[in-house]
Amino acid sequence: MSVFTNALSQLKKASTYINLPSRVQEILKKPERVLQFSIPITMDNGSTRVFDGYRVQYSSARGPYKGGLRYHPKVNLDEVKALAFWMAIKCAVVGIPLGGGKGGIAVDPKVLSQGELERLTRAFTRRLVPFIGPEQDVLAPDVNTNPEVMGWLVDEYSKVTGRFVPAVATGKPLALGGSQGRTAATGQGGLFILNELVGKLKLDPKKTRIIVQGFGNVGYYFAKLAHKAGYKIIGLSDSKGGIYSNGGAGMDPDHIMQDKKARGIIAGCYCVGSVCDCENYRSMTNKQILEAPTDILVLAAMENQITRENAGRIKAKAIIEMANGPTTPEADIKLAKRGVIVVPDVLANAGGVTTSYFEMVQNLQQYYWTEAEVMQKLKPIMGQAFKQVWQKAEALKVDLRIAAFVLALERIAEAIEVRGKY
Ligand code: GLU
């Protein structure tokens, strides 16, 4: 399934609700620049492997390209184009002065040694040097990349260019100019959105049951913070499997994390230290957990999880998309018909890139904020974006995704228009 085709169909659908000048629509159908590299790496055993690396610079209408770098065996140009487009929309939804970009390398980082991974990151960075930088394109972590990878990237870029340029990437280690709060920021932003949604739906947080699909950086922090805020986490899964609470009693995501570290998987029993409850909890596959009874389903894994095939069986009242592109356009239609509210990725997971923007600001002014200051700035941005999208959805009688796209497209179109025509 082409993810970029899905992204373009979202663009087309949203465009019908606004007077988007046709030239703007034409411009937004294609990325501004596509970079593709073959990257030969000498592996630890002396052999050579050649990896495919991509960077798509989709739109710079509202500011420098901004977006993550993904390491995954399934990375391909189609996917990176879609993800880059969504970044442009996302930055516009939350109103930060950045465009959209995304990068990726087709690699399974879990089978590479640390040395191989560092060499690959540095080799990719060297090829990107002419095209990236604080005023051109700023990278960040995404699936299977982390502060450590950003540290190598900043170091390589700085060595090659001969000056320290921390703002070429965000999500860095604190020692290299990272921002307080960035690691948990996507999850934290998701919690702000959850609180807004629960308010609109008049649900009681203490009684609200949540399933989280995906237990990487985003899923883990979302689940942890939601649990801390009093919500009931009744299901959790990672790529290998999941756990579900039969009776609806919640679980502490940190216990699941400890267990996952010890056993290598999320197993069907709920263990606190050495005491395990295998009666009230059970194993579920990733596929099953999507369809299990819950109030809110949080998608924090990969694209194309809710499709035409399973959309009819989703039992949640609302879906929060913490991953990028987890719901296909066909599924959107089915879910809307059934009254399932979908809080779209370009709003729900924008806390990550918003805090990345804060990180760039701190780097450029060489003055750093406390975690409390970061959160104090993040909360109103997420809250306002949620309210604006919600209002737009009510005014146009559309779902939240179309509303978010309409809001973003108006902002992007304005930037394109005021740049002039010739
Ligand atoms: N990879 C994250 C996303 O998809 C963060 C991007 C960033 O911080 O630039 O939104």
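This one's a predicted model, so the numbers in the text were calculated from it and none came from an experiment.

*Asks:* Please provide a residue-by-residue account of the sheet that holds strand E4 (residues 69–72), values included.
*Replies:* The strand order across the open sheet formed by 4 strands is E1-E2-E5-E4, and the pairing between neighbours is mixed. The sheet terminates laterally at strand E1 (33–42) and E4, the two strands that pair on one side only. Strand-to-strand twist in this sheet, taken as the mean axis angle between neighbours without regard to direction, amounts to 20 degrees. Alignment of E4 against strand E5 (residues 100–106), held across 4 bridges, turns out to be parallel. Its bridge partner lying in E5, His 72 is registered against Ala 106. Packing of helix H4 (residues 114–128) onto the sheet brings it into contact with E1, strand E2 (48–59), E4 and E5, and relative to E1 it is tilted by some 140 degrees.

*Asks:* Which residues make up the packing of aromatic side chains, and what values do they have?
*Replies:* Inspection of every chain in the model, using the stated rule, returns 10 aromatic pairs. Measuring from centroid to centroid gives 5.0 Å for Tyr 220 and Tyr 221, while their planes differ by 65 degrees, and the two rings are edge-to-face. When its relative accessible area of 21% is taken as the criterion, Tyr 221 is described as partly exposed. Ring plane angle 55 degrees and centroid distance 5.5 Å describe the contact between Phe 358 and Trp 369, whose orientation is recorded as tilted. Taken together, the residues Phe 358 in helix H12 (residues 350–365) and Trp 369 in the loop between H12 and helix H13 (371–396) connect sequence positions 11 residues apart. We note that Phe 358, like Trp 369, is buried. Put simply, the rings of Phe 4, Tyr 58, Phe 85 and Phe 405 pair up and form one aromatic cluster. We note Lys 377 situated over the ring of Trp 369; from NZ or CZ to the ring centre the distance is 4.4 Å.

*Asks:* Explain the sheet that holds strand E13 (residues 296–299) to me, and be specific about the residues and the numbers.
*Replies:* One open sheet accounts for 7 strands, arranged E12-E9-E8-E7-E13-E14-E15; its pairing is mixed. In this open sheet, the two edge strands, each paired with only one partner strand, are strand E12 (281–284) and strand E15 (341–343). For this sheet the average axis-to-axis angle between neighbouring strands, irrespective of direction, equals 20 degrees. Examined bridge by bridge, E13 and strand E14 (residues 318–321) share 4 bridges and lie parallel to one another.

*Asks:* Help me get a handle on the pattern of salt bridges, residues and values and all.
*Replies:* The full count for this structure, using the stated rule, is 28 salt bridges. Between Glu 417 and Arg 23 there is a salt bridge, and its shortest N-O distance comes to 2.6 Å. Here Glu 417 is found in helix H14 (residues 400–418), whereas its partner Arg 23 is found in helix H2 (residues 22–28), with 394 residues between them in sequence. Taking relative accessible area as the criterion, Glu 417 reaches 35% and is therefore assigned partly exposed. When salt bridges that share partners are traced, they join Glu 118, Arg 122, Arg 126, Asp 155, Glu 156 and Lys 159 into one network.

*Asks:* Mind laying out the packing of helix H6 (residues 182–201) against helix H7 (residues 217–228), listing which residues take part and the relevant values?
*Replies:* At a closest axis distance of 8 Å, the pairing of H6 and H7 adopts a crossing angle of 50 degrees. Our classification of the angle between H6 and H7 gives oblique. For the element pair H6 and H7, the recorded crossing hand is right-handed. Residues Thr 183, Ala 184, Thr 186, Gly 187, Gln 188, Gly 190, Leu 191 and Leu 194 of H6 form the contact with H7, whose own contacting residues are Asn 217, Val 218, Tyr 221, Phe 222, Leu 225 and Ala 226.

*Asks:* An account of the site of the ligand is requested, with residue identities and associated values reported.
*Replies:* Taken together, 14 residues lie near the ligand, and Lys 66, Lys 90, Pro 141, Asp 142 and Ser 356 sit nearest. Lys 90 is positioned such that a nitrogen or oxygen atom in its side chain is 2.6 Å from an oxygen atom of the ligand. Within the side chain of Lys 102, a nitrogen or oxygen atom sits 3.0 Å from an oxygen atom of the ligand. Relative to its unbound accessible surface of 290 Å², the ligand loses 95% to contact with the protein. For the shell around the ligand, the elements supplying multiple residues, two or more each, are helix H3 (77–93) and H12. Residue contributions to the shell around the ligand peak at 3 residues, all from H12.

Rules and cut-offs
Residues numbered from 1 in each chain as written. Predicted model: local features only at pLDDT ≥ 70, side-chain atom pairs only at ≥ 80, totals over all residues. Heavy atoms only, no water. Pairing = 2+ DSSP bridges. Helix = DSSP H or I, 4+ residues; strand = E, 2+ residues; numbered from the N terminus. Axes fitted to C-alpha atoms, helices over the stretch in contact; angles between N-to-C directions. Contact = heavy atoms within 4.5 Å. Phe/Tyr/Trp six-rings, centres within 6.5 Å; stacked < 30°, edge-to-face > 60°. Buried < 20%, exposed > 50% of the residue type's maximum accessible area, 1.4 Å probe, protein only. Lys NZ or Arg CZ within 6 Å of the ring centre and 35° of its normal. Salt bridge = Lys/Arg side-chain N within 4 Å of Asp/Glu carboxyl O. Parallel < 35°, antiparallel > 145°, perpendicular 65-115°, else oblique. Left-handed = near helix turned anticlockwise from the far one by under 90°. Near = heavy atom within 4 Å. Polar contact = N/O pair within 3.5 Å; in protein donor to acceptor, adjacent residues only side chain to side chain. Areas by Shrake-Rupley, 256 points an atom, 1.4 Å probe, with all protein chains shown as cover.

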